[in-house]
There are 2 protein chains.
Amino acid sequence: MRVIVPFDGETPKTRLGPVLDQRERRQFARAMLNDVLRAVRGAGGTPLVLAPAPFDLPQTRVCVDDRRLSTAVNAQLQSGPMETAVVMADLPLVTPQALERLFDAPGDVVLAYGTGGGTNALVSRHPGFRVDYHDGSYHDHLANAGDIDATVSEVDSYGLAHDIDEPGDLSDLLVRGDGTAAAWLRHHGFTVDETSDRATLQRPDAPHPERGRSD
Amino acid sequence: MRVIVPFDGETPKTRLGPVLDQRERRQFARAMLNDVLRAVRGAGGTPLVLAPAPFDLPQTRVCVDDRRLSTAVNAQLQSGPMETAVVMADLPLVTPQALERLFDAPGDVVLAYGTGGGTNALVSRHPGFRVDYHDGSYHDHLANAGDIDATVSEVDSYGLAHDIDEPGDLSDLLVRGDGTAAAWLRHHGFTVDETSDRATLQRPDAPHPERGRSD
């Protein structure tokens, strides 16, 4: 299955600014992308990275479209094979097994919920389905599918739900992750304290955020 | 399958104190328990509620054991049928389908990850497996299973992972929930703002927390 993976290599993950400077955010976002692409391939998918600007990514097809995310994704949905998946690039806990469930789920539209109300992954098999990745997109994607009488199924996966946007999202990645992004965090000094009620993020040698590295 | 559901009806969910007083926390915890029991029965399980003190729960077997949680659960695991599930009572987004996946997963021990490093649900089919619900229990349950040469499988479910402990956990319940607990929150004035990057909790008529209701 063709799997569109939107990725912003220039200014990714700005909400991680309190704990990572811009250069680190770029590196970390690439590490997460790497984990997602490995899971996509492990599930038998063919990734197509959709980026607003060219960047180097070995052995992966990159399509550049500098329009806003929803417009760029919808342009892809309207070209190429009708059955297409869209999987976000900030899901470092996703597994090939979860993506197999996504790809194999029945229905004209398959949706995977994202923490906070978003849509972290979907499959469209209906020519009329369009995405709209504004805030709280999950409810609207359900409604969009209903408007075109598309059948919908939902995939219940923690790895698909847990996107990485804010510093608080990193703890579970450190606890659970065994891929490139988790290794990147550990290599850069992040640890979790599992002796409290809920694992909390720690970085003893934390640099001053946004300390103005030129990159 | 026998499904142990530990539940503290007296002082539940203390970390929700900033947004719910004690009486509200008791009501809300009962609403979450109701959702979990319904899902357990929907998946064909037979719930056994394990509580530190007697309380009234129609048409459900309640076993009272005032020892600490792990001790009480292990006492149950050592009696009755060898195949037993343990499902936490604060998982209002759990579905019968997720529990069917838990019950049907292969292995001597089946584990479902809980946000922050915990173990929100498990199945034990090995007479030597013991639980230890201290902080960060997931890693230790994996290790415990390894120590007794038990085979392990893991279930990837957002509904099983998303336990409700802190005020920040309520947003996704309001966005996604369609059961008793979500209805209770809405009835008590909670809403979510889905116009921000991530849905955030709102309660315009919030009472002063811990305002000392006698209950």
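Quick notes on the rules
- Residues numbered from 1 in each chain as written.
- Chains lettered and ligands numbered in written order.
- Predicted model: local features only at pLDDT ≥ 70, side-chain atom pairs only at ≥ 80, totals over all residues.
- Heavy atoms only, no water.
- Helix = DSSP H or I, 4+ residues; strand = E, 2+ residues; numbered from the N terminus.
- Rg over C-alpha atoms; globule rule 2.2 N^0.38 Å.
- Buried < 20%, exposed > 50% of the residue type's maximum accessible area, 1.4 Å probe, protein only.
- Contact = heavy atoms within 4.5 Å.
- Areas by Shrake-Rupley, 256 points an atom, 1.4 Å probe, with all protein chains shown as cover.
- Axes fitted to C-alpha atoms, helices over the stretch in contact; angles between N-to-C directions.
- Parallel < 35°, antiparallel > 145°, perpendicular 65-115°, else oblique.
- Nonpolar A, V, L, I, M, F, W, Y, C, P; charged D, E, K, R; others polar.
- Left-handed = near helix turned anticlockwise from the far one by under 90°.
- 1 Å grid on protein atoms, 1.4 Å probe; cavity = no way out; pocket = protein on both sides within 12 Å on 5 of 7 lines; lining within 4 Å.
- Points joined across faces, edges and corners; volume = space filled by probe spheres on them.
- Least-squares fit on C-alpha atoms with pLDDT ≥ 70 in both.
- Phe/Tyr/Trp six-rings, centres within 6.5 Å; stacked < 30°, edge-to-face > 60°.
- Lys NZ or Arg CZ within 6 Å of the ring centre and 35° of its normal.
- Salt bridge = Lys/Arg side-chain N within 4 Å of Asp/Glu carboxyl O.

Engineer: Hey, could you go over the overall build of chain A for me, with residue numbers and the actual values?
Structural biologist: Looking only at helices and strands, chain A has seven helices and nine strands in total. Whereas a compact globule of 215 residues would reach a radius of gyration of roughly 17 Å, chain A reaches 17 Å, a difference of no more than 12%. For chain A, the spread of C-alpha atoms along the principal axes amounts to about 55 × 40 × 30 Å. Scored against the burial criterion, the 215 residues of chain A give a buried share of 54%. The contacts of chain A with a sequence gap of at least 6 include a subset with a gap of at least 24, amounting to 61%. Surface summary for chain A: the accessible area is close to 9000 Å², and the carbon and sulfur share equals 49%.

Engineer: Lay out the packing of helix α1 (residues 22-42) of chain A against helix α7 (residues 180-187) of chain A with the relevant residues and their values.
Structural biologist: All names here are of chain A. Contact geometry for α1 and α7: axes closest at 7 Å, N-to-C directions at 150°. By the angle between their axes, α1 is roughly antiparallel relative to α7. Residues E24, Q27, F28, A31, M32, N34, D35 and R38 of α1 lie in contact with α7, whose contacting residues are T180, A181, W184 and L185. The class makeup of the residues in the contact of α1 with α7 is six nonpolar, three polar and three charged.

Engineer: Can you tell me about the packing of α1 of chain A against helix α3 (residues 96-104) of chain A, naming the residues and giving the values?
Structural biologist: When two helices pack together, their arrangement is given by the angle between the helix axes and by the axis-to-axis distance. Residue and element names in this part refer to chain A. Contact pair α1 / α3: the axes reach a minimum separation of 8 Å and the direction vectors enclose 60°. One finds that α1 runs oblique with respect to α3. The way α1 lies across α3 gives a crossing that is right-handed. Listed contacts from α3 to A39, V40 and G42 of α1 are P96, L99 and E100. Across the contact of α1 with α3, the residue classes tally to four nonpolar, one polar and one charged.

Engineer: Describe the environment of F55 of chain A, listing the residues and the values that go with them.
Structural biologist: Position of F55 of chain A relative to the elements: it lies in the loop between β2 (46-51) and β3 (61-64). In sequence terms F55 of chain A and D8 of chain A are 47 residues apart; their C-alpha atoms lie 9.5 Å from each other.

Engineer: Go over empty space enclosed by the protein with me, naming the residues and quoting the values.
Structural biologist: Remark: the empty space left among the atoms is shown by a probe the size of a water molecule rolled over them. All names here are of chain A. If you walk through the whole model with that rule in mind, you get one cavity of 30 Å³ or more. The volume enclosed by the largest cavity comes to roughly 30 Å³. Contributing to the lining of the largest cavity are L77, M82, S124, H126, P127, F129 and R130.

Engineer: Lay out the relation of the copies chain A and chain B with the relevant residues and their values.
Structural biologist: Between chain A and chain B, which share one sequence, the superposing operator has a rotation angle of 180° and an axial displacement of 0.0 Å; the RMSD is 0.0 Å. Taken together, the rotation and translation describe the operation of a two-fold axis. Here 100% of the contact residues of chain A are again contact residues in chain B; the copies associate through an equivalent surface.

Engineer: Summarise unusual backbone geometry; cite the residues concerned and give the values.
Structural biologist: In this structure, K13 of chain A takes a positive phi of about 55° despite not being glycine. With respect to the secondary-structure elements, K13 of chain A resides in the loop between β1 (2-6) and α1. Residues other than glycine seldom take positive phi values, yet D149 of chain B does so here, at roughly 60°. Residue position: D149 of chain B is located in the loop between α4 (137-147) and β7 (152-155).

Engineer: Quick one: what's the story with the packing of aromatic side chains, residue by residue and with numbers?
Structural biologist: In total, this model carries eight aromatic pairs over all chains according to the counting rule given. Consider the rings of Y113 of chain A and Y138 of chain A, whose centres lie 5.2 Å apart with planes at 80°: the pair is edge-to-face. Placement of the pair is Y113 of chain A in strand β5 (residues 109-114) and Y138 of chain A in helix α4 (residues 137-147), with a sequence separation of 25 residues. Take Y113 of chain A and Y138 of chain A: they sit in the same class, and that class is buried. A ring pair is formed by F28 of chain B and W184 of chain B, whose centres lie 5.6 Å apart and whose planes are at 45°; its orientation type is tilted. With F28 of chain B in helix α1 (residues 22-42) and W184 of chain B in helix α7 (residues 180-187), the pair connects residues that are 156 residues apart, well separated along the chain. Since its relative accessible area comes to 0%, F28 of chain B is described here as buried. A network of ring pairs unites the aromatic residues Y113 and Y138 of chain A together with Y158 of chain B as a single cluster. Taking the ring centre of Y113 of chain A as reference, the NZ or CZ of R176 of chain B above it sits at 4.9 Å.

Engineer: Report on the pattern of salt bridges, specifying residues and quantitative values.
Structural biologist: All told, the structure shown has 16 salt bridges over all chains when counted by the stated rule. With a closest N to O distance of 3.0 Å, E154 of chain B and R176 of chain A form a salt bridge. Residue E154 of chain B is found in strand β7, and its partner R176 of chain A is found in helix α6 (residues 170-176); the two belong to separate chains. The exposure class of E154 of chain B is partly exposed, given its relative accessible area of 42%. For R176 of chain A, a relative accessible area of 27% corresponds to the partly exposed category. With a closest N to O distance of 2.6 Å, E83 of chain B and R125 of chain B form a salt bridge. Highlighted residues: E83 of chain B in the loop between α2 (69-77) and β4 (84-87) and R125 of chain B in the loop between β6 (118-124) and α4, separated in sequence by 42 residues. Among the residues examined, R125 of chain B registers a relative accessible area of 19% and is labelled buried.

All quantities given are derived from atomic positions and should not be read as evidence of function.
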